[in-house]
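# Chain and residue survey
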Amino acid sequence: MATSAVARETVFALRRQIAKIEGTLPERLQAPAGAAPVDAPRDPTADVTPKSITPKNLTIVRRGLAVAPPDAFLRTGAEGLDTALSGGLPKAALSEIHGAATRDAGAVAGFALSLVSLILKQGPRLPVLWIGTAEIFREAGFPYATGLHRLFGIEPEQLLFSEAPRLLDALWTAEEAARMTALAAVILEIRGSPQRLDLTATRRLHARAQSAGRPVFLLRQAGEPEPTAAPVRLVLSAAPSAPRQTIAGPLAGSIGRPAFTVSIGKSRTALPGQFTLEWNPDERSFEERRAGERRQEPAANPVPVVSASRRGKDPAPASGAVLAFAAVGSPAAGDQPSPGERAAHRRPRRAG
């Protein structure tokens, strides 16, 4: 009996150590009088709690619930997403932003820059380090410097880039940068599902982020949703933009604010869900688009397509009036060129 109790306490201690590394500590509440803490080894034959234990050190384990101070989360401004994530994205943690295909690289990068803008808005304007391999930068490109300032309020000199020749070098650079408190955030962009990006590598990144109290964003481009140590995984894709709002109402055929479709792929405190967010570049915050709001439909081409040649077997119908007013001396629709004009076009070009 005593041996099994000691083994059970050993297993609990190991699980708690793993929870500290992964950032899944149980809720810390004030326990009732007489309860023993989970951390301290307990004698199964003892009936009372040692007198040296104070109530403030007691811990109650409650499954499925994580409690942290309010300033530990980065609130996006979208109430639905923040509520689903129990307050927002964790600041001192590894967060995964996943794009299913290469065409989603722009949406993933834009969402990451939006999160960086929120971080710089709340705290000191420290630089941000963006790490990636030569493959990902060649495939997805770099952010546009002018757009950084206009859409996200980020100065070009605040965004630093580190291009690594191999994934192993990019992981080492990210681990060393994640421990630095002189950076506002660290972004690691990876393409595909490399074998070296496993639980061990992501646990090191998560532990460094917790130690420094800074976020590390792992951008996954065109990869499979594999197990990682990130507490939150968001799946990103571009969403249709709504029309631009004016005093007279929505402007037909215009393109409004950038929009993202955000799905909660993994979270230790939230259920899966999907949200459509719009980035407000003026307020530097996200706004959630409700299901009933009107989306921008693809605008029809107002210019008629030029019809095919009438000399074919099945001539196409006339395209109609293209100009706002009739040109002086222009032939009517359907007229054929004269034989002289036709011969002039077919005459070979002479040199000299």
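Figured I'd write up the structure that's included with this text. (Residues numbered from 1 in each chain as written. Predicted model: local features only at pLDDT ≥ 70, side-chain atom pairs only at ≥ 80, totals over all residues. Heavy atoms only, no water.)

Helix and strand counts for the chain come out as 8 helices and 13 strands. By residue count, 36% of the 352 residues in the chain fall in the buried class. Relative to all contacts within the chain whose residues are 6 or more apart in sequence, the contacts with residues 24 or more apart total 71%. Total accessible area computed for the chain in this model is approximately 21300 Å², and 56% of it derives from carbon and sulfur atoms. (Helix = DSSP H or I, 4+ residues; strand = E, 2+ residues; numbered from the N terminus. Buried < 20%, exposed > 50% of the residue type's maximum accessible area, 1.4 Å probe, protein only. Contact = heavy atoms within 4.5 Å. Areas by Shrake-Rupley, 256 points an atom, 1.4 Å probe, with all protein chains shown as cover.)

Attention now goes to the side chain of R220. Here R220 lies in strand 7 (residues 216-221). For R220, the side chain forms a polar contact with the main-chain oxygen of E224, separated by 3.1 Å. Among all residues touching R220, those that are not within four sequence positions of it are E96, I97, H98, G99, I190, G192, S193, L197, E226 and T228. (Polar contact = N/O pair within 3.5 Å; in protein donor to acceptor, adjacent residues only side chain to side chain.)

Along the polypeptide, Q221 turns up in strand 7. Not counting residues up to four positions away in its chain, the partners in contact with Q221 are G99, A101, D104, A105, V108, I136, E189, I190, R191 and G192. Among the polar contacts made by the side chain of Q221, one reaches the side chain of E189 at a distance of 3.0 Å.

According to the stated counting rule, one finds 9 salt bridges in the structure shown. The partner of R220 in a salt bridge is E96, with the nearest N and O atoms 3.4 Å apart. Of this pair, R220 sits in strand 7 while E96 sits in strand 3 (residues 94-99); the two residues are 124 residues apart in sequence, bridging distant segments of the chain. Take R220 and E96: they sit in the same class, and that class is buried. What emerges from the salt-bridge pattern is a single network uniting E96, R220 and R233. (Salt bridge = Lys/Arg side-chain N within 4 Å of Asp/Glu carboxyl O.)

Attention now moves to the packing of aromatic side chains. Scanning the entire structure with this criterion turns up 9 aromatic pairs. Residues F111 and F286 carry aromatic rings whose centres are separated by 5.2 Å and whose planes lie at 35° to one another, so their mutual orientation is tilted. One end of the pair, F111, is in helix 3 (residues 105-122); the other, F286, is in strand 13 (residues 285-288), and 175 residues separate them in sequence. Relative accessible area serves as the criterion here: at 0%, F111 is assigned to the buried category. Given the relative accessible area of 1%, F286 is considered buried. Taking 6.0 Å as the distance between ring centres and 35° as the angle between the ring planes, the aromatic pair formed by F152 and W279 counts as tilted. Of this pair, F152 sits in helix 5 (residues 145-152) while W279 is found in strand 12 (residues 274-280), placing the two residues 127 residues apart along the sequence. Looking at F152, the relative accessible area reads 9%, which means it is buried. The structure contains a cluster of three or more aromatic residues connected by ring pairs, namely F111, F152, F260, W279 and F286. (Phe/Tyr/Trp six-rings, centres within 6.5 Å; stacked < 30°, edge-to-face > 60°.)

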